[in-house]
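# A closer look at the structure
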Amino acid sequence: MWSGAWWERVQKLLPKGATLVPVILTSDKTQLSNFSGDNWPPSFHATVLLGYLPVAKLESVPKAKRAVLAYQLFHNCMHSLLEPLVEAGRKGVEAVCADGYVRRAHPIVAAYVADHPQQCLVACCQENHCPKCPVQPNKRGVPVDLPVMQDPDKMLVMICDALEGNKGPGFAEAGLRSIHPFWANLPHCDIFTCLTPDLLHQLHKGVFKDHTVKWVTACMDGKEDEVDRRFQTMPLHLNLHHFKKGISLVSQWTGNKYKQMEKVFLGVVAGAADPDIVKVVRAVLGFVYYAHYKAHTEDSLSCLQDTWIRCHSHKHVFVCLGVCDDFNIPKLHSMSHYIDSIRLFGSADGYNTEGPERLHINFAKLGYCTSNRKQYIQQMTTWMECQDAFQRFDQYLQWLKAGRKSQLPSRSGYNDTEEAEDAEKDGKEVEQETAPESHARADNGSEEYNISKHLAFPSTSVKTITEEFGAPDFIHCLEEFVTKTVASSSAS
């Protein structure tokens, strides 16, 4: 984030010498009794749980008012959680930094990581509207170059007027809800800009799986059977997932399965679909992979823009073939905001919702399983406090084990290098501590090889390899490899 334009923009608004501390928020719903999703951990203790937000049924409230009250309940809870940031963001608080110096830090809400329903809930707009820009619902399928973001001050005035009973003509056009937002008093917070791209739900699940794959399958001869057959005939590879039963029978999709299907989907479509369809698939996959870059340059952003333009240039083929009526889809429109968000906050991969999805297990489900399912919120909170205490104590023990002397300056005021030079001049021997060698590689320097668990072509003859697979030098290379391996083993 520090390399993005947002940091420099907000830093200029703070007093001279102030330290900007960006705050990244995230929220999501989950079921407490089911374990699912990708099995990969986020950065260790990089995320702090602020609180559990209630999902009340409000059965005693008339149905016509339940939705609005549920939305307001969310904003009231968020207001209570973030209230300390209002004064701290304006006046700053003294904080000890990692280098030991005390600075006046200003915590400012910089980004909000959420899926589309949560984004609309945060932005106080209806789900058929864009939570970031004022585009109309029936024009979301039209490409707009660098769309203008919503003005938070203007939106807040219209919301306040609506709460007082004075709904202006622009209130319904903007798709707003009569809710007092939690971000109204947060300093230097543009909530519409804070909403970051969501690679998991917007690209992998939305644009690719729910729309592109569905439309392409409907356009192919044989429909799902042909697509399944092509996935089944894909050769085995170490770094590829083999869908041995196809994709139509997959009951639970995860982010990893979306990515594995994207690796081979262009090969599945090639030769079996209209050339324009292949171009659309290539453009969509290109956009997905460019959006996943961990570092961007002007060239990579230009390529991202080109793939987005090519996607819109060839998408009409689906309308011509009758598989869809229009492209007024929120997740398809969200692609137009990626470049601007990357320029502001850095790579989109750092704001993916896969991290919060995985934290459902750490922050909610594990605590629920340790409870007796009665008044479980209090028990989950106690369990989380115990886990945090264990973690802090473990870090303290690791600090003691490493030795505090290496972290403190010498009593003479000189560093180790200066002491060693002085001792060498005096003819004294200096005992130096050396870090233990890494055991990532073997002592004899031998290389490790990974092979597939299930061979793609078992019991293949040398003649077949040299002739049919186009490897005429296979025997020579094999002999050279065996000779080097035997010699290395004998030397060790």
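Details of the structure are given in the entry above.
Remember, it's a predicted structure, so these values are computed and weren't measured experimentally.

## What about the packing of helix 10 (residues 255-269) against helix 11 (residues 275-291)?
Here helix 10 crosses helix 11 at 155 degrees, and the two axes come no closer than 10 Å. When the axis of helix 10 is compared with that of helix 11, the two are roughly antiparallel. For the pair helix 10 and helix 11, the sense of crossing is left-handed. Seen from helix 10, the contacting residues are Lys259, Glu262, Lys263, Phe265, Leu266 and Val269; seen from helix 11, they are Ile277, Val278, Val281, Arg282, Leu285, Val288 and Tyr289.

## A look at empty space enclosed by the protein
Counted under the stated rule, the structure contains 6 cavities of 30 Å³ or more. Estimates place the volume of the largest cavity at around 140 Å³. Mapped onto the lining of the largest cavity, the elements with two or more residues apiece are helix 4 (116-123), helix 14 (330-334) and helix 15 (338-345). Here the lining of the largest cavity takes 4 residues from helix 14, the largest share from any one element. Classifying every residue of the lining of the largest cavity gives 6 nonpolar, 8 polar and 3 charged.

## Some remarks on the packing of aromatic side chains
In this description, an aromatic ring pair is defined by two values, namely the gap between the centres and the angle between the planes. Inspection of the entire model under this criterion finds 18 aromatic pairs. Geometrically, the ring pair formed by Trp6 and Phe345 is tilted, given 6.2 Å between the ring centres and 35 degrees between the ring planes. Taken as a pair, Trp6 in helix 1 (residues 5-11) and Phe345 in helix 15 lie far apart in primary sequence, 339 residues in all. Residue Phe345 is classed as buried on the basis of its relative accessible area, which comes to 2%. For the pair Phe208 and Phe265, a centre-to-centre distance of 5.5 Å together with 85 degrees between the ring planes defines the contact as edge-to-face. Of this pair, Phe208 sits in helix 8 (residues 199-219) while Phe265 sits in helix 10, placing them 57 residues apart in sequence.

## Here we look at helix 17 (residues 376-402)
Taking 1.5 Å per residue, 27 residues should reach 39 Å; helix 17 reaches 39 Å between its end C-alpha atoms and fits that length. Buried within helix 17 are the following residues: Met380, Trp383, Met384 and Gln391. Packed against the buried residues of helix 17 are helix 16 (354-370). Where helix 17 ends, the next residue or the one after it, Gly403, has phi of about 100 degrees, a positive value.

## Some thoughts on the side chain of Arg140
Locating Arg140 in the fold gives a position in the loop between helix 4 and helix 5 (152-163). The side chain of Arg140 is buried and forms no salt bridge, while Asp326, the nearest opposite charge, is found at 7.1 Å. Only 3.0 Å separates the side chain of Arg140 from the backbone oxygen of Pro137, close enough to count as a polar contact. Look past the residues within four positions of Arg140 in its chain and what remains in contact with it is Glu127, Asn128, His129, Val135, Phe327, Asn328, Ile329, Pro330 and His333.

## So, a nonpolar patch on the surface
Taken together, Phe393, Tyr396, Leu397 and Leu400 make up a surface patch of nonpolar side chains, about 380 Å² in accessible area. For Tyr396, the position within the fold is in helix 17. Tyr396 sits in the partly exposed class, given a relative accessible area of 42%.

## Brief notes about the nonpolar core
As a rule of thumb, nonpolar side chains are buried together in soluble globular proteins. Grouped together as the largest cluster of nonpolar side chains are 45 residues, with contacts concentrated most on Leu203, Phe231 and Phe318. Counting only elements with at least two residues in this core, the list comes to helix 8, helix 9 (223-232), helix 10, helix 11, helix 12 (298-314), helix 13 (316-320) and helix 15. Tallying contributions element by element places helix 11 first for this core, with 9 residues. When near neighbours in sequence (up to four residues on either side) are disregarded, Leu203 contacts Asp198, Phe208, Phe287, Val288, Ala291, Met335 and Tyr338.

## Section: the pattern of salt bridges
On inspection of all chains with the given rule, the structure shows 10 salt bridges. As a salt-bridge pair, Lys12 and Glu8 come within 3.8 Å of each other at their nearest N and O atoms. What makes Lys12 exposed here is its relative accessible area of 64%. The shortest N-O distance in the salt bridge between Lys259 and Glu354 comes to 3.0 Å. Here Glu354 lies in helix 16 and Lys259 lies in helix 10, a separation of 95 residues in the sequence. Connected through shared salt-bridge partners, Glu226, Arg229 and Arg230 make up one network.

## Brief notes about the pairing of strand 2 (residues 93-96)
Pairing geometry for strand 2 and strand 3 (residues 102-113), over 4 bridges, is antiparallel. Each residue of the ladder has a partner; that of Val96, found in strand 3, is Val102. The turn linking strand 2 back onto strand 3 is made up of 5 residues, and Gly100 within it adopts a positive phi angle of 95 degrees.

Conventions we followed
Residues numbered from 1 in each chain as written. Predicted model: local features only at pLDDT ≥ 70, side-chain atom pairs only at ≥ 80, totals over all residues. Heavy atoms only, no water. Axes fitted to C-alpha atoms, helices over the stretch in contact; angles between N-to-C directions. Helix = DSSP H or I, 4+ residues; strand = E, 2+ residues; numbered from the N terminus. Parallel < 35°, antiparallel > 145°, perpendicular 65-115°, else oblique. Left-handed = near helix turned anticlockwise from the far one by under 90°. Contact = heavy atoms within 4.5 Å. 1 Å grid on protein atoms, 1.4 Å probe; cavity = no way out; pocket = protein on both sides within 12 Å on 5 of 7 lines; lining within 4 Å. Points joined across faces, edges and corners; volume = space filled by probe spheres on them. Nonpolar A, V, L, I, M, F, W, Y, C, P; charged D, E, K, R; others polar. Phe/Tyr/Trp six-rings, centres within 6.5 Å; stacked < 30°, edge-to-face > 60°. Buried < 20%, exposed > 50% of the residue type's maximum accessible area, 1.4 Å probe, protein only. Expected span 1.5 Å × (residues − 1). Lys, Arg positive; Asp, Glu negative; His and termini not counted. Salt bridge = Lys/Arg side-chain N within 4 Å of Asp/Glu carboxyl O. Polar contact = N/O pair within 3.5 Å; in protein donor to acceptor, adjacent residues only side chain to side chain. Patch = residues over 30% accessible without salt bridge, like charges linked within 9 Å, V, L, I, M, F, W, Y side chains within 5 Å. Areas by Shrake-Rupley, 256 points an atom, 1.4 Å probe, with all protein chains shown as cover. Core = buried A, V, L, I, M, F, W, Y, C linked by side-chain atoms within 4.5 Å. Pairing = 2+ DSSP bridges.

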